[in-house]
Amino acid sequence: MDAHPDAPPVVVTDTVKNAIRIIALDQRARDNGVRLNQSLSDARALVPDLDCHPADDARNKALLLKIAGWCERYTPLVALDAAPEAERNHGLFMDITGCAHLLGGEAGLISDLEVRLRAQGFHARLCLADTPGAAWAMARYGQARIIAEGAHAEAILPLSLSGLRLPPAMVASLGRVGLKTIGCIAGLPRAPLAARFGARLMQRLDQALGGETEAISPIMPVAELSTERRFAEPLTHQDEISHVTAALAEGIIEPLERRGLGLRHGRLKLFRVDGHVSELDVQTARPLRDAKLIRRLFAERIAGLHDDLDAGFGFDLIRLDVAHADPFDAAQAEMMAGHSADQGHDALVDRLGARLGLERVQRFVLADTHIPERSFGRQPVAHLGVNGSAKQAAGNAALALPPETEHPGGIITRPLILFDRPELMQTIAEVPDGPPLKFRWRGVAYEVAGSEGPERIACEWWRDGRGARTRDYFRVEDRQGYRFWMFRHGLYGRETSDPAWYMHGLFA
Amino acid sequence: MSLSRLQTATDILEARTRVYEAQAYKAHRGMALGSEERSSPLTLGASAVDHCLEGGLACGGLHELRSPLARDIGAATGFALGLAARAMAADRGGRGIVWVTDPATRVDGGGLFPAGLGQYGLDPSCLTMVEPGDLQGAMWAADEAAGCTGLAALIFQIKGNPARFDMTATRRLMLRARQSGVLALTLRQSGEEEASAAATRWRVNTEMSGADDDLERGVGAMRLSLTLERNRAGRTGQWLLAWNPKDRSFDHAAPNPHARANPPAHSLDRLPVSADRRNPSGKMGQVLDHRQDFGRAS
């Protein structure tokens, strides 16, 4: 990182074999005679005002991931350097196949990348080569930044063996037998080398030279489609962002149509000038292929953020990714054309979800249990799937009216309002299993005028374990007409000698 | 300014006016077409109430239901669901009910129990529950839902009389519901009377259920004491209704002769428990606590 000219030299320290040693240092520290692997006390003796920081792998990783996220402005295929030997090699791989022409060729891309990283305060060593292995070696041990197509083997042969991403112990033992450069082993017979140093050596050599293909694993899943706009002058106003989103949405409609797909999950990436990347996600209940609706969903999403979207010095790249798309049924769309699609139920659910958060727009799902509070749950509508609503409806219809809901006589046995937690009451009731006569709930005394019950609901021993108590539910009406659903917790004399009473619901 | 330039300006003005008029006419026509299909009023099923409402509740419009006490919410919810179920059954092209709740209503800890929806003939999956994090979000969600033609009914549950949900907010809801033809209901839990743009305002009290012949001392079907406190289009009134789960309609009910025959020994004043009501009016005959020391108060 760049620092003020007067700032003291910066080093990063870590404990290596019970000694605090320097594992990274900046140019000023180097100029003052500090070396790598020097113990901190020696370095302090050289430079008393050394600014030293203990290594923090977690934060390094987090920062690297952020940089990787930012690098997606060049290509969707950005991977962390995941070689086990390279734990402290904070490197990134980018596969720029087919992307370089967007920035004026390979030279243009690499200089743009370097300038932008430097503007953010990072010094990066960059190299572009045919294979990840060769690029890795050249970035660390070579001089050239762009290796012409097919010239990578030639370029890396004079480099040190460390450039092959080998464990340090292996490099040391190879060095002891006089093999110091990649060129030394490239010409040797393979079998004896593999037998002596393991197959890993040959694999790494082949990966660097291109004999074996090496795939990098991108951090983020690659979007099915994406469109982007770059700006010479960064955007800061919400209206401008909204306009750009509209234009981007227009841009993905045609490719979606060509593929017969509709958007289910869209992601808007806003690349800020200083390297920060904001991501906004919207999900839809059914495949969507209407630019106006997509723009509106993102507008709701941005509005829902209030002021959390910090434009800072502005966004210079905005990209719209189709993270997930599903087949779009044109016939279905035509059928829906009777209603204005804009105002349909699904569009409403999408808009609400985009603004308020998906988890706040829910539908009931029913479970097969008699314990009232477990018999239902709420699921975000967006997670119920495209045909989930229909399927769910069929499933629910079977469960909607469990046999106990309605008596043959048409008497309602389940309340309309259920309390999240049953509320403890003071009650006067007949023992052993009579209905309550008087009770006090939320500080108000009630006298019972009529009651029905008990309806016994046994505990689920397979869930609650031994000793869980049976509930006897009563429907109770007081003298003013309030109807309650309450239960006695535990069978008198068998499960407890002093059963507690709980209020659990209200009837209409 | 020369005469010709003035002439041009007038021409432009005229042309603009014509465009605006055309737009307004189009908007009006579109509105009329939209509401025409769904303009038939929603009947309750109880003849006297429907007669008083001159046919029924205006479907595209806002109606306010309030329950004076926190524990009356059961009755008010029942009434709201009954209306929504009838709106669904009337099949006006709406495919569901959206239920928006203000988070303040969750403080009392009650939530809708899907197993209880059976008596209204409602499938739990036709309900979309929206629970925003604050009242502002809830009002926005209600606005959006009221403007959605794909809905049969919107139920917006709020607690008390929050200052933010004012005349402007209710008028907006009313207008959007009128355009879309959605039956919009605000369910005001322990709320006071308040000026609003709603077409009608109902007070819902629970009423003692009728004696059930099959069950001695049993609990019968829901009964509501409904008071139409305000009706923009006509008269007001008070009725005793019962929900009929078989026909899914409201019926007139006879009062229970035993109801309140012997009032509870230690009766309590029915104090409304509203969250943040403004300027609560004192009740007639209520004993107020006057301050004795006016002189010393600073």
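All of these numbers come straight from a predicted model, not from anything done at the bench.

Asker: For this particular structure, what's the right way to read the interface of chain A and chain B?
Answerer: Taken together, the contact pairs 63 residues of chain A with 67 residues of chain B. Here chain A packs against chain B, burying approximately 5,800 Å² in sum over the two surfaces, 58% of which is carbon and sulfur. Summed over the shared surface of chain A and chain B, the number is four salt bridges. For the salt bridge of Glu-131 of chain B with Arg-378 of chain A, the shortest nitrogen-to-oxygen distance reads 3.1 Å. The interface formed by chain A and chain B holds 11 residue pairs in polar contact (both at pLDDT 80 or more) in total. Of the residues contributing to the side of chain A that touches chain B, the split by class is 31 nonpolar, 12 polar and 20 charged. Of the strand pairs in this sheet, strand β10 (residues 361–366) of chain A and strand β4 (residues 127–130) of chain B are connected by two bridges, and their pairing is antiparallel.

Asker: What should I look at first to understand the pattern of salt bridges in this one?
Answerer: Pairing is possible between side chains of opposite charge, provided their charged atoms come close. All names here are of chain A. Per the stated rule, a full pass over the model turns up 45 salt bridges over all chains. Across the salt bridge formed by Arg-258 and Glu-254, the nearest N and O atoms sit 3.0 Å from each other. With Arg-258 and Glu-254 both in helix α11 (residues 238–259) and four residues apart, the pair spans about one turn of that helix. We classify Arg-258 as exposed; its relative accessible area is 58%. The closest approach of N and O atoms between Arg-488 and Asp-472, which form a salt bridge, is 2.6 Å. On the criterion of sequence distance, the pair formed by Arg-488 in strand β16 (residues 483–489) and Asp-472 in strand β15 (residues 471–478) is long-range, its members being 16 residues apart.

Asker: It is not clear to me how the sheet that holds strand β8 (residues 277–288) of chain A should be interpreted in this structure. Could you clarify?
Answerer: Two modes of strand pairing occur in sheets, parallel and antiparallel, and in both the strands are linked by backbone hydrogen bonds. All names here are of chain A. Taken together, four strands build an open sheet; the order of strands is β6-β9-β7-β8 and the sheet is antiparallel. Here the strands that pair on one side only, and so sit at the sheet edges, are β6 (225–235) and β8. On average, each strand axis in the sheet is inclined to that of its neighbour by 15°, with strand direction left out of account. Where helix α12 (residues 291–304) meets the sheet, its contacts fall on β7 (261–272), β8 and β9 (315–327), and the angle it forms with β8 comes to roughly 135°.

Asker: Explain the nonpolar core here, please?
Answerer: One broad trend across soluble globular proteins is that nonpolar side chains are buried collectively. By size, the foremost hydrophobic cluster in this structure holds 75 residues, and its most contacted members are Phe-439 of chain A together with Phe-79 and Trp-202 of chain B. Here this core takes 10 residues from helix α3 (residues 73–89) of chain B, the largest share from any one element. Each of domain 4 (362–400) and domain 5 (417–506) of chain A accounts for three or more of the residues forming this core. Once residues lying within four places of it in the same chain are set aside, the contact partners of Phe-439 of chain A are Met-425, Gln-426, Thr-427, Val-444, Ala-445, Tyr-446, Val-448, Val-476, Phe-484, Met-486 and Met-503 of chain A.

Asker: In this structure, what is going on with helix α10 (residues 199–209) of chain A? I would like to understand it.
Answerer: Think of an α-helix as turning once every 3.6 residues; residues three or four places apart then point the same way. Residues and elements named next belong to chain A. Where α10 is concerned, the buried positions are Leu-201, Met-202, Arg-204, Leu-205, Asp-206, Gln-207 and Ala-208. Contacts made by the buried residues of α10 are with α5 (132–141), α6 (152–156), α7 (168–176), α8 (182–186) and α9 (190–197). Downstream of α10 by a residue or two, Gly-210 has a phi angle that is positive, lying close to 100°.

Asker: Just to check I follow, could you spell out the packing of α11 of chain A against α12 of chain A for this structure?
Answerer: Packed helix pairs are characterised by how far apart their axes lie and by the angle those axes make with each other. All names here are of chain A. For the pair α11 and α12, interaxial distance at closest approach is 8 Å and the crossing angle is 145°. The element α11 and its partner α12 pack so that their crossing is right-handed. Contacts between α11 and α12 pair Gln-238, Ile-241, Ser-242, Thr-245, Ala-246, Ala-249, Glu-250, Ile-252 and Ile-253 from the former with Ala-291, Ile-294, Arg-295, Phe-298 and Ile-302 from the latter. In terms of residue class, the contact of α11 with α12 is built from nine nonpolar, three polar and two charged.

Asker: I'm lost on the pairing of strand β8 (residues 223–231) of chain B in this one. Help?
Answerer: Where a strand is regular, its side chains alternate between the two sheet faces. All names here are of chain B. Most of β8 sits inside the fold, with eight of its nine residues counted as buried. As paired elements, strand β7 (residues 200–206) and β8 share seven bridges and run antiparallel to each other. Looking at the pairing, Trp-202 lines up with Leu-228 of β8. With six bridges joining them, β8 and strand β9 (residues 237–244) adopt antiparallel strand pairing.

Asker: How do you make sense of the confidence of the model for chain A when you look at a structure like this?
Answerer: Parts of the prediction with low pLDDT should not have their coordinates interpreted in detail. Residues and elements named next belong to chain A. Scored by pLDDT, chain A comes out at a mean of 83, with 90% of its residues at no less than 70. Of all secondary-structure elements in chain A, the lowest mean pLDDT belongs to helix α15 (residues 388–400), at 43, while strand β17 (residues 500–506) reaches the highest, 92. Throughout residues 337–342 the model reports pLDDT below 50, and contacts reaching past four residues in sequence, or to other chains, amount to seven contacts. Taken together, the stretch residues 386–409 has pLDDT below 50 and engages in 36 contacts with residues farther than four places along the chain or on a different chain.

Asker: Help me understand the environment of Val-100 of chain B, please; the structure alone is not making it clear to me.
Answerer: Residues and elements named next belong to chain B. Within the secondary structure layout, Val-100 lies in strand β2 (residues 97–101). Remark: the alpha-carbon pair of Val-100 and Phe-156, spanning 56 residues in sequence, is separated by 4.8 Å. Leaving out residues up to four positions away in the same chain, Val-100 has contacts with Val-130, Pro-132, Ala-138, Ala-141, Ala-142, Leu-154, Ile-155, Phe-156 and Gln-157.

Asker: What should I look at first to understand the confidence of the model for chain B in this one?
Answerer: For chain B, the mean per-residue pLDDT works out to 76, and 68% of the residues sit at or above 70. Here helix α1 (residues 3–37) of chain B stands out as the least confident element of chain B, with mean pLDDT 54; β2 of chain B is the most confident, with 93.

Asker: Explanation requested: the pairing of β16 of chain A in the structure shown.
Answerer: Residue and element names in this part refer to chain A. With six of seven residues buried, β16 lies mostly within the body of the structure. Where β15 meets β16, seven bridges bridge the pair, whose relative direction is antiparallel. Residue pairing across strands places Tyr-473 opposite Phe-487, the latter belonging to β16. Connecting β15 to the antiparallel partner β16 that follows it, the hairpin turn spans four residues, and Gly-481 within it adopts a positive phi of roughly 100°. Looking at chain direction, β16 and β17 are connected through six bridges and run antiparallel. By the bridge assignment for β17, Trp-485 is matched with Gly-505.

Cut-off values and rules
- Residues numbered from 1 in each chain as written.
- Chains lettered and ligands numbered in written order.
- Predicted model: local features only at pLDDT ≥ 70, side-chain atom pairs only at ≥ 80, totals over all residues.
- Heavy atoms only, no water.
- Contact = heavy atoms within 4.5 Å.
- Buried area = accessible area lost by both parts, 1.4 Å probe.
- Salt bridge = Lys/Arg side-chain N within 4 Å of Asp/Glu carboxyl O.
- Polar contact = N/O pair within 3.5 Å; in protein donor to acceptor, adjacent residues only side chain to side chain.
- Nonpolar A, V, L, I, M, F, W, Y, C, P; charged D, E, K, R; others polar.
- Pairing = 2+ DSSP bridges.
- Helix = DSSP H or I, 4+ residues; strand = E, 2+ residues; numbered from the N terminus.
- Buried < 20%, exposed > 50% of the residue type's maximum accessible area, 1.4 Å probe, protein only.
- Axes fitted to C-alpha atoms, helices over the stretch in contact; angles between N-to-C directions.
- Core = buried A, V, L, I, M, F, W, Y, C linked by side-chain atoms within 4.5 Å.
- Domains from an automatic or database assignment.
- Left-handed = near helix turned anticlockwise from the far one by under 90°.
- pLDDT = per-residue confidence, 0-100.

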